[in-house]
Amino acid sequence: MTLHLYFARRFLWTFLGIFAVFFLFQVLLDLVEQIRRLDDSVSFAEVMRLTLLNTPEGMYQILPLVMILSSITLFVSLARSSELVVARAAGRSGLTALVGPLVVAAMIGGLAVAMGNPIVAATSKAYADLRETYRNGGTSALSIGAEGLWLRQSDPRGQTVIRAARANPNGTVLYDVMFVAYAEGGGPTRRIDADQATLENGEWVLQDAKVWPLVAGVNPETNSVRHDVLTVPSTLTEDNIKDRFGRPSAISVWELSDFITDLEDAGFSARRHAVWLQMEMARPVFLVAMVLIGAAFTMRHSRMGGTGIAVLSAVLLGFSLYYVRNFAQILGENGQLNALAAAWVPPLASVLLALGLILHREDG
């Protein structure tokens with residue numbers, strides 16, 4: 001147990017050190033990119049705030065890379081100090097020496113999913129809203145719940161809240177829809193109910209619409225007007241509507257299951273979200289596979305030589321498995337693979353491949 005705790009502690013400190021280095025690089029690179037994208041009216045403090053909100057998502061994506069580099073660093077260090085040789089001389093096999101790092105990797109993966117995922121979802125949503133505010137002076141939002149679909153669009157004249165009972169898979173056709181327009185910094189100015197609203201060329205085309213003015217001193221029903229076809233200008237596009245509900249990473253894993261149900265009830269396809277949910281559940285297994293891959297190439301005595309080639313081979317194999325995992329995710333989102341297969345087969349295959357390499361090196 002003492003040896004397991006020692007290896008686990010070494011691996012944890014190595015992981016934290018490499019994570020901190022990548023975090024600093026990510027902040028610096030993203031800071032430069034934000035300064036380049038935003039105009040001079042945005043202060044440095046606001047740019048820094050945007051950078052810090054965007055950094056967690058980037059770090060979450062490169063977590064497998066940090067994990068495999070931590071594994072390589074640890075076992076190269078143990079090989080150079082002959083600690084692995086001593087452990088084997090004491091009767092501990094190579095697989096036994098991996099118990100501590102693997103437990104730490106699994107715990108990091110579990111914490112990443114349980115705590116890191118909600119943090120990334122909150123910060124990425126806040127980043128998108130804040131960036132939209134700095135660029136266009138307002139935000140566009142989408143919310144899906146049991147009561148239907150809610151959208152918010154903004155322009156210099158004010159904001160418009162849109163509620164629909166359901167929509168087509170692209171979010172460009174809304175059914176049983178209601179528009180409530182608000183003045184800039186003021187209250188509602190008019191309400192529109194329509195059977196259908198279609199987004200075309202920067203405007204909503206409403207079918208069978210009824211308009212009520214919501215102005216003080218005016219009777220809304222008496223002054224209401226019915227239109228067979230009515231157009232309402234819009235700052236929304238199909239792409240940013242799809243981005244709003246189509247980025248599963250912007251939703252906490254704890255809320256994703258209910259969101260999938262609401263999404264399907266609203267008429268949208270929830271395949272991407274279902275695949276993402278399974279991918280998140282399988283993330284700890286993939287991180288464990290990265291540790292095994294790093295160990296498979298570096299758990300040998302440094303006197304054997306070829307350490308550079310071994311490290312390069314481990315990194316290349318890790319990248320290859322990472323891209324295979326992403327490719328399987330794409331196949332799952334396109335419906336060519338079952339969500340469970342797309343999410344779980346690559347991590348499990350990676351673990352088995354790494355174990356095979358370790359057993360081959362240990363026992364021939």
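Residues numbered from 1 in each chain as written. Predicted model: local features only at pLDDT ≥ 70, side-chain atom pairs only at ≥ 80, totals over all residues. Heavy atoms only, no water.

Enquirer: How should the layout of surface pockets be read in this particular structure?
Expert: The method is simple in principle: a probe with the dimensions of a water molecule rolls over the atoms, and the space it marks as empty is what remains. Quantified by volume, the second largest pocket comes out at close to 380 Å³. Together, 15 residues line the second largest pocket, and Phe19, Tyr60, Leu63, Ala112 and Gly116 are the ones closest to its centre. The greatest single-element share of the lining of the second largest pocket, amounting to seven residues, is contributed by helix α6 (residues 99-136). The residue inventory of the lining of the second largest pocket, partitioned by class, reads 14 nonpolar, one polar and no charged. (1 Å grid on protein atoms, 1.4 Å probe; cavity = no way out; pocket = protein on both sides within 12 Å on 5 of 7 lines; lining within 4 Å. Points joined across faces, edges and corners; volume = space filled by probe spheres on them. Helix = DSSP H or I, 4+ residues; strand = E, 2+ residues; numbered from the N terminus. Nonpolar A, V, L, I, M, F, W, Y, C, P; charged D, E, K, R; others polar.)

Enquirer: Teacher, can you tell me more about the packing of helix α9 (residues 271-298) against helix α10 (residues 307-333) here?
Expert: Each pair of packed helices gets described by two things: the angle between the helix axes and the distance between those axes. Interaxial distance between α9 and α10 falls to 10 Å at its minimum, and their mutual angle equals 165°. With respect to their mutual orientation, α9 and α10 come out roughly antiparallel. For α9 against α10, the interelement crossing comes out right-handed. The segment α9 lies against α10, with Arg271, Arg272, Val275, Trp276, Met279, Arg283, Phe286, Met290, Ile293, Gly294, Phe297 and Thr298 engaging Ala310, Val311, Ser313, Ala314, Leu317, Gly318, Leu321, Tyr322, Arg325, Gln329, Gly332 and Glu333. (Axes fitted to C-alpha atoms, helices over the stretch in contact; angles between N-to-C directions. Parallel < 35°, antiparallel > 145°, perpendicular 65-115°, else oblique. Left-handed = near helix turned anticlockwise from the far one by under 90°. Contact = heavy atoms within 4.5 Å.)

Enquirer: Can you help me understand the packing of aromatic side chains in this one?
Expert: Geometrically, a pair of aromatic rings is defined through the distance of the ring centres and the angle of the planes. All told, the structure shown has five aromatic pairs when counted by the stated rule. Ring geometry for phenylalanine 179 against tryptophan 204: centres 6.1 Å apart, planes inclined by 70°, an arrangement best described as edge-to-face. Taken together, the residues span a long stretch of sequence, with phenylalanine 179 in strand β4 (residues 173-183) and tryptophan 204 in strand β6 (residues 203-213) at a distance of 25 residues. Tryptophan 204 shares its class with phenylalanine 179; the two are buried. Each residue in the set Phe286, Tyr322 and Tyr323 is aromatic and connected to the rest through ring pairs, giving one cluster. The ring of tryptophan 212 has arginine 191 sitting right over it, with the charged end atom 5.3 Å from the ring centre. Above the ring of phenylalanine 286, the side-chain terminus of arginine 325 is found at 4.9 Å from the ring centroid. (Phe/Tyr/Trp six-rings, centres within 6.5 Å; stacked < 30°, edge-to-face > 60°. Buried < 20%, exposed > 50% of the residue type's maximum accessible area, 1.4 Å probe, protein only. Lys NZ or Arg CZ within 6 Å of the ring centre and 35° of its normal.)

Enquirer: Can you walk me through a nonpolar patch on the surface in this structure?
Expert: Among the surface-exposed residues, Leu12, Trp13 and Leu16 lie close enough to one another that they form a single nonpolar patch of about 320 Å² accessible area. Mapped onto the elements, tryptophan 13 comes out in helix α1 (residues 2-37). Relative accessible area serves as the criterion here: at 60%, tryptophan 13 is assigned to the exposed category. (Patch = residues over 30% accessible without salt bridge, like charges linked within 9 Å, V, L, I, M, F, W, Y side chains within 5 Å. Areas by Shrake-Rupley, 256 points an atom, 1.4 Å probe, with all protein chains shown as cover. Salt bridge = Lys/Arg side-chain N within 4 Å of Asp/Glu carboxyl O.)

Enquirer: Quick question: what am I supposed to make of the environment of histidine 273 here?
Expert: Mapping histidine 273 onto the fold places it in helix α9. A relative accessible area of 1% means that histidine 273 is categorised as buried. A sequence separation of 66 residues divides histidine 273 from alanine 339, and the C-alpha atoms of the two residues are 9.6 Å apart.

Enquirer: Sorry if this is basic, but what is going on with the environment of alanine 106 here?
Expert: Looking at where alanine 106 falls in the secondary structure, it is placed in helix α6. Through-space distance from the C-alpha of alanine 106 to that of phenylalanine 286 is 9.2 Å; in sequence the pair is 180 residues apart. Not counting chain neighbours up to four residues away, the residues in contact with alanine 106 comprise Pro284 and Val288.

Enquirer: I would appreciate a short explanation of the pattern of salt bridges in the present structure.
Expert: When their charged atoms lie close together, side chains carrying opposite charge are able to pair. This structure, assessed with the given rule, holds five salt bridges. In this structure, the salt-bridge partner of arginine 191 is aspartate 193, at a minimum N-O distance of 2.9 Å. Measuring nitrogen to oxygen at the nearest pair gives 3.0 Å for the salt bridge that ties glutamate 221 to lysine 210. Linking glutamate 221 in the loop between β6 and β7 (225-233) with lysine 210 in strand β6, this pair joins segments that are eleven residues apart in sequence. Judged by relative accessible area, glutamate 221 falls into the partly exposed class, the value being 47%. On the basis of relative accessible area, lysine 210 is assigned to the buried category, the value being 16%.

Enquirer: In this structure, what is going on with the side chain of serine 224? I would like to understand it.
Expert: Mapped onto the secondary structure, serine 224 falls in the loop between β6 and β7. Residue serine 224 is classed as buried on the basis of its relative accessible area, which comes to 19%. A distance of 2.8 Å separates the side chain of serine 224 from the backbone oxygen of glutamate 221, its partner in a polar contact. The residues touching serine 224, leaving out its near neighbours within four places in the chain, are Lys210, Val211, Trp212 and Pro213. (Polar contact = N/O pair within 3.5 Å; in protein donor to acceptor, adjacent residues only side chain to side chain.)

Enquirer: How should the side chain of arginine 283 be read in this particular structure?
Expert: Mapped onto the elements, arginine 283 comes out in helix α9. Setting aside chain neighbours within four positions, we find arginine 283 in contact with Tyr60, Pro64, Val113, Trp276 and Arg325.

Enquirer: Help me understand the packing of α1 against helix α2 (residues 44-61), please; the structure alone is not making it clear to me.
Expert: Following both chains from N to C, one finds α1 and α2 inclined at 130°, their axes separated by 8 Å at the closest point. If you check the angle between α1 and α2, you find them oblique. Once α1 is placed against α2, the crossing between them reads as right-handed. Mapping the contact onto sequence places Phe19, Phe22, Phe23, Gln26, Val27, Asp30, Leu31, Gln34 and Ile35 in α1 and Phe44, Val47, Met48, Leu50, Thr51, Leu52, Asn54, Thr55, Gly58 and Met59 in α2. Here the contact of α1 with α2 is built from residues that sort into twelve nonpolar, six polar and one charged.

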